[in-house]
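Architecture and fold: a report
The chain contents come next:
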Amino acid sequence: MTEHATDAILPGRQGGRSAVLSGDDADVIVVGAGPSGSTAAYYLAQAGLNVLLIEKSRFPREKVCGDGLTPRAVKSLVAMGIDVSEEAGWLRNKGLRVIGGGLRLELPWPELSSYPGYGLVRTRASLDEMLARRAQSAGAKLLEGTTVTGPLLDDDGQVAGVVVQAEVEGSGGEGGQWGQSTADHEERKVAAPSSLRARVVVAADGNSSRLSVALGLRKRDDRPLGVAVRTYYKSPRHDDDYLE
């Protein structure tokens, strides 16, 4: 179950009624419960901060990029106390296979004392929810079905929080309006915009970060860009030793 903030109810969380969290809602608001956002929320909550983790979709949910994890990522998972055994549903691999230009290269992961000697594979829908729940277990408050529409600015123009719209659970209720879900293109009912305040806001809302764009930040065109896509097929090679 999703843990909601305890001071009050976020808009649309009970029969469509609107209410707003009182006072300063959190020490830190993390926008986006992908791997980076959930990991940041986990460590901030572990440090004793009041953390609000906001996700526009509801778990489990899909993402385009995935599902291979390098030893560096494996180390991060282990540090968060996540069980990465095969019994827990992970597939291990021992290296990377590269095919191109008429060549076929098999590159084992390097043997380093500071990193595990293997990579992992797991579906994004499962991985992302696991990390978000891990952040919850550390004390972060997770708000699902809640879209951050922009920053909340103070009188000096500094970021003091975020403006959000939350899904209204159930078809009846007051104070909601129909909107379009950017995640699944389905019609859904959302509450009126509401403001949430925090001392620090972390924008972890992905490649097309709405929050960063609203603040006038743009992608640097002088830096290389890599794009990963994935789909699923039934194959006898599902447990290949190499990430191809």
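Residues numbered from 1 in each chain as written. Predicted model: local features only at pLDDT ≥ 70, side-chain atom pairs only at ≥ 80, totals over all residues. Heavy atoms only, no water.

**Topic: the pattern of salt bridges**
In total, this model carries 16 salt bridges according to the counting rule given. Each member of the salt-bridge network shares a partner with another, and the members are Arg 97, Glu 106, Arg 237, Asp 240 and Glu 244. (Salt bridge = Lys/Arg side-chain N within 4 Å of Asp/Glu carboxyl O.)

**Section: the sheet that holds strand β8 (residues 141-143)**
Strands sit in the order β8-β2-β1-β13-β10-β9 across an open sheet of 6 strands; the sheet is mixed. Across the chains shown, the open sheet's two edge strands, defined by having one partner strand only, are β8 and β9 (146-153). With direction set aside, neighbouring strand axes in the sheet form an average angle of 40°. In this structure, strand β1 (residues 26-31) lies alongside strand β13 (residues 194-203), joined through 5 bridges in parallel fashion. (Pairing = 2+ DSSP bridges. Helix = DSSP H or I, 4+ residues; strand = E, 2+ residues; numbered from the N terminus. Axes fitted to C-alpha atoms, helices over the stretch in contact; angles between N-to-C directions.)

**Digging into unusual backbone geometry**
Most of the time, phi is negative for any residue but glycine, and the peptide bond is trans. Pro 60 follows Phe 59 through a cis peptide bond whose omega is -5°. In this fold, Pro 60 is placed in the loop between β2 (51-54) and β3 (68-69).

**Describing the environment of Leu 77**
Among the secondary structure elements, Leu 77 is positioned in helix α2 (residues 71-79). A C-alpha to C-alpha distance of 10.0 Å links Leu 77 and Pro 35, two positions 42 residues apart in sequence. Once residues lying within four places of it in the same chain are set aside, the contact partners of Leu 77 are Leu 69, Ile 82, Val 84, Trp 90, Leu 120, Leu 127 and Leu 131. (Contact = heavy atoms within 4.5 Å.)

**Re the nonpolar core**
Residues Leu 77, Trp 90 and Leu 120 are the most contacted members of the largest nonpolar core, which totals 25 residues. Listed by contribution, the elements that provide at least two residues to this core are β1, α1 (35-46), β2, α2 and α3 (124-137). Per element, the largest residue contribution to this core is 4 residues, and it comes from α3. Not counting residues up to four positions away in its chain, the partners in contact with Trp 90 are Leu 69, Leu 77, Ile 82, Asp 83, Val 84, Ser 85, Leu 120, Val 121, Arg 122, Leu 127 and Met 130. (Core = buried A, V, L, I, M, F, W, Y, C linked by side-chain atoms within 4.5 Å. Buried < 20%, exposed > 50% of the residue type's maximum accessible area, 1.4 Å probe, protein only.)

**Quick word on the side chain of Gln 136**
Turning to its location among the elements, Gln 136 is positioned in helix α3. For Gln 136, a relative accessible area of 12% translates into the label buried. One polar contact links Gln 136 to Arg 133, side chain to side chain, over a distance of 2.9 Å. (Polar contact = N/O pair within 3.5 Å; in protein donor to acceptor, adjacent residues only side chain to side chain.)

**Here's the deal with the sheet that holds strand β7 (residues 119-121)**
Strand order in the open sheet formed by 3 strands is β3-β7-β4, and the pairing between neighbours is antiparallel. Both edges of this open sheet fall to β3 and β4 (91-93), since each of them pairs with a single strand only. Pairing of β4 with β7, which is carried by 3 bridges, proceeds in the antiparallel orientation. Its bridge partner being in β7, Leu 91 is matched across the sheet by Val 121.

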